[in-house]
Amino acid sequence: MRPDPATPKRDHTGFLSQFIPEQSLPRRLVAVRFAAAMGKGVLLSGSVVYFTLHVGLTAAEVGIGLSASGFAALASSVTFGIITDRVRKRALLFLQFLVVAVGFGLYSLVHNPIEFYLLVMVIAFFDAGMSPTEGAIVAALIPPAERVRLNAMMRSVFNVGFSVGIGLAAVAATSSRLLVLIPIGAALLLGLAALLVTRLPADVPTRRPAVRPRRFGALRDLRYVAVVGISSVLAAHMTLLMVVLPLWTLNRTDVPHYVVPLFLVINTGFVILLQVWASRGAETVSGAARIARRAGVWIALGCGAVAVTTAVHHPAVVVVAIMVAVLAMSLAEILQSSSAWGLAFGLAPSHAKGEYLGTFDLHIGAQNIIGPVILSGLVMSQGIWGWAVIAAVVLLAAWLIVPAARRSADSMAALTTPDDVAERAGTA
């Protein structure tokens, strides 16, 4: 990708280089992500307060709606991945942002649980579909060697924007009369993201391969699905850090309750500051697989740190052990995220980027749905042995990910097109 001649060259070696790309096209993609992050931060952080205090839904009704949205999101990634490969990607992404923006605005008109369930599922379906569409746009417009780093920048910026959105929601939550600004403000910010999408270059239709691809080819590619499944295990850091570790801290230790919210603060800061650094080396399939292996080791070390709290009960030691676990899980998160981008881009054939990227997103959806029930139940019922089982399973996945990625890469030879050859040459 050539530098934009209209853009003066700047020094991007400093702190802001991990948030602001040098070239104009990546900056536009980052701007879209920032606007969307603020809108989602406003709504997601303030939704429970809004629907319980303003709309009058019960906690159980809100929980049912959020669970339903998780299943809608799981079905969305592959569906929109397939659609992305057949239509103009920029137009589809604009439509997805527009639908979500309108949906956020319609939250202000919800008066009963049925309306809430229907709306939250539609929003989740279109929102989850943005990931493979956005990934396909990155694959179409950004050179292979720059995609992982750009995704890392976009994730750092997302966390900054999401944090800003949380602050805006907190202000709106200070007054019952301001609560209605939560869905309206989120809608406006998502609408801004939709407008920024129109500033992206128009994409070229995907070139059809010489051999007609199989329907649901990504799901039928068992070697690729194996990589996705192993990545689901390595994505356990999300559930462990946000669900299991807080439950353990509150119920099995004497750590003050105010320490638990610090988990998210530390994790967010970790992602903002170190995600770009963690993406180094993930540009190739082999490099991404090795980084995924390291992520698994850090998860296991985090489990070991938590296990210390079952043997030592000195308050200071327990706090230190919990914080070590938080840092280990956070490091695992930024490593595993980087590896996921490298594997998803590197193992997807050029003619089906959207479908393969959408299928890879299943590793997050599966972890979000299955992880909390299994992992929290295992740990809370079995104690230290539960943490030991999780560590053992994660280490097994870490051992398997490198050969699994290698076999999946080998199977891509049957799907090779001139575009694939060009991509591999660019990432060698």
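Here, residues in each chain are numbered from 1, in the same order as that chain's written sequence. Under the rules for a predicted model, residues below a pLDDT of 70 receive no local features and side-chain atom pairs below 80 are neither given nor counted, while totals for whole chains, interfaces and linings still include all residues. Working from all heavy atoms in the structure, the side-chain values ignore hydrogens and water.

Moving on: the overall build of the protein. Here a strand is any run of E in DSSP of at least two residues, a helix any run of H or I of at least four, and the numbering for each starts at the N terminus. Along the backbone of the protein there are 17 helices and zero strands. Buried, partly exposed and exposed residues are distinguished by accessible area as a fraction of the type maximum, computed with a 1.4 Å probe on protein chains only: under 20%, between the cut-offs, and over 50%, respectively. Buried residues in the protein amount to 51% of all 428 residues. In what follows, residue pairs with any heavy atoms lying within 4.5 Å of each other are defined as contacts. When contacts within the protein are restricted to residue pairs at least 6 apart in sequence, those whose partners lie at least 24 apart make up 82%. All accessible areas in this document rest on Shrake-Rupley with a 1.4 Å probe, and a residue is counted as covered only by the protein chains that are shown. Entry remark: accessible area of the protein is about 19,100 Å², with carbon and sulfur atoms responsible for 69%.

Turning next to the packing of helix α4 (residues 113-128) against helix α5 (residues 130-141). Relative orientation of the contacting elements α4 and α5 amounts to 20 degrees, with a least axis distance of 5 Å. Between α4 and α5, the angle is such that the two are roughly parallel. Residue-level contacts link F126, D127 and A128 of α4 to M130, S131 and P132 of α5. Here an axis means a line fitted to C-alpha atoms, over the contact stretch when the element is a helix, while the angle between two N-to-C directions is reported on a 0 to 180 degree scale. Should an angle fall under 35 degrees it is called roughly parallel, over 145 degrees roughly antiparallel, and 65 to 115 degrees roughly perpendicular, with every other angle called oblique.

On to the side chain of S77. Take S77: it is sitting in helix α2 (residues 59-84). Exposure remark for S77: the relative accessible area of 4% places this residue in the buried category. If we skip the residues at most four places from it in the chain, S77 touches P132, G358, D361 and L362.

Counted as salt bridges are all cases of a side-chain nitrogen of Lys or Arg within 4 Å of a carboxyl oxygen of Asp or Glu. Evaluated as defined, the whole model comprises three salt bridges. In this structure, the salt-bridge partner of K40 is D127, at a minimum N-O distance of 2.7 Å. With a gap of 87 residues between them, K40 in helix α1 (residues 24-55) and D127 in helix α4 connect regions that are remote in the sequence. Between R155 and E333 there is a salt bridge, with the nearest N and O atoms lying 2.4 Å from each other. With R155 in helix α6 (residues 144-172) and E333 in helix α13 (residues 315-346), this residue pair connects regions lying 178 residues apart in the sequence. For R155, a relative accessible area of 18% puts it in the buried group.

Next up on the list: the nonpolar core. If you look at the biggest cluster of nonpolar residues, it comprises 123 residues, and the most contacted ones within it are F97, F104, Y107, L240 and L343. When residues in this core are grouped by element, the largest group, 15 residues, is from α13. Beyond its immediate sequence surroundings of up to four residues, L240 is in contact with L245, P246, I299, C303, M329, L375, W387 and I390. In this text, buried Ala, Val, Leu, Ile, Met, Phe, Trp, Tyr and Cys residues form a nonpolar core when linked through side-chain atoms within 4.5 Å.

The relative placement of two aromatic rings is captured by the distance of their centres and the angle of their planes. Only the six-membered ring of Trp is used, alongside the rings of Phe and Tyr, when aromatic pairs are assigned; centres must lie within 6.5 Å, and planes under 30 degrees apart are stacked while those over 60 apart are edge-to-face, with the rest tilted. For the structure on display, the rule yields 12 aromatic pairs. With a centroid separation of 5.4 Å and 55 degrees between ring planes, the pair formed by F80 and F126 is classed as tilted. One end of the pair, F80, is in helix α2; the other, F126, is in helix α4, with 46 residues separating them in the sequence. Each member of the pair, F80 as well as F126, carries the same accessibility label: buried. Relative to F360, the ring of Y224 lies with its centre 6.0 Å away and its plane at 65 degrees, an arrangement referred to as edge-to-face. Highlighted residues: Y224 in helix α9 (residues 222-234) and F360 in helix α14 (residues 353-360), separated in sequence by 136 residues.

Attention now moves to the environment of G229. Locating G229 in the fold gives a position in helix α9. Residue classification places G229 among the partly exposed positions, given a relative accessible area of 36%. Considered as a pair, G229 and A397 are 168 residues apart in the sequence and their alpha carbons are 9.2 Å apart.

At a minimum axis distance of 10 Å, the contact between α2 and helix α3 (residues 89-106) shows a crossing angle of 145 degrees. Note on element contacts: α3 touches α2 through K89, L92 and Q96, opposite F80, I83 and T84.

The subject of this paragraph is the environment of V255. The residue V255 is located in the loop between α10 (236-252) and α11 (261-278) in this model. Expressed as a C-alpha distance, the spacing of V255 and A316, which sit 61 residues apart in the sequence, is 8.9 Å.

Let's shift gears to α4. Every α-helix winds through 3.6 residues per turn, so residues three or four apart in the chain are directed the same way. Working rule for helices: expected span equals 1.5 Å times residues minus one. Spanning 16 residues, α4 covers 22 Å between terminal C-alpha atoms, matching the ideal 22 Å at 1.5 Å per step. When we look at burial in α4, the residues that qualify are F116, Y117, L119, V120, I123, A124, F126 and A128. Next to the buried residues of α4 lie α1, α2, α3 and α5. The N-capping residue of α4, defined by a side-chain oxygen 3.1 Å from the backbone nitrogen of I114, is N112. Under the rule applied, a polar contact is a pair of N or O atoms within 3.5 Å (in protein, one hydrogen donor and one hydrogen acceptor; residues adjacent in sequence only if both atoms are side-chain atoms).

Another aspect to go through is the confidence of the model for the protein. Caution applies to low-pLDDT regions: their predicted coordinates should not be interpreted in detail. Put simply, the protein has an average pLDDT of 88, and 89% of its residues get 70 or more. pLDDT: the predictor's confidence for each residue, scored from 0 to 100. Note that residues 1-12 has pLDDT below 50 and, in this model, 22 contacts with residues that lie over four places away or in other chains.

Before going further, it helps to examine a nonpolar patch on the surface. Residues L98, V102, L106 and L109 make up a contiguous nonpolar surface patch of roughly 340 Å² in combined accessible area. Residue position: L109 is located in the loop between α3 and α4. Judged by relative accessible area, L109 falls into the exposed class, the value being 53%. Patches were defined on residues exceeding 30% relative accessible area and lacking a salt bridge, with like-charge contacts within 9 Å and nonpolar side-chain contacts (Val, Leu, Ile, Met, Phe, Trp, Tyr) within 5 Å.

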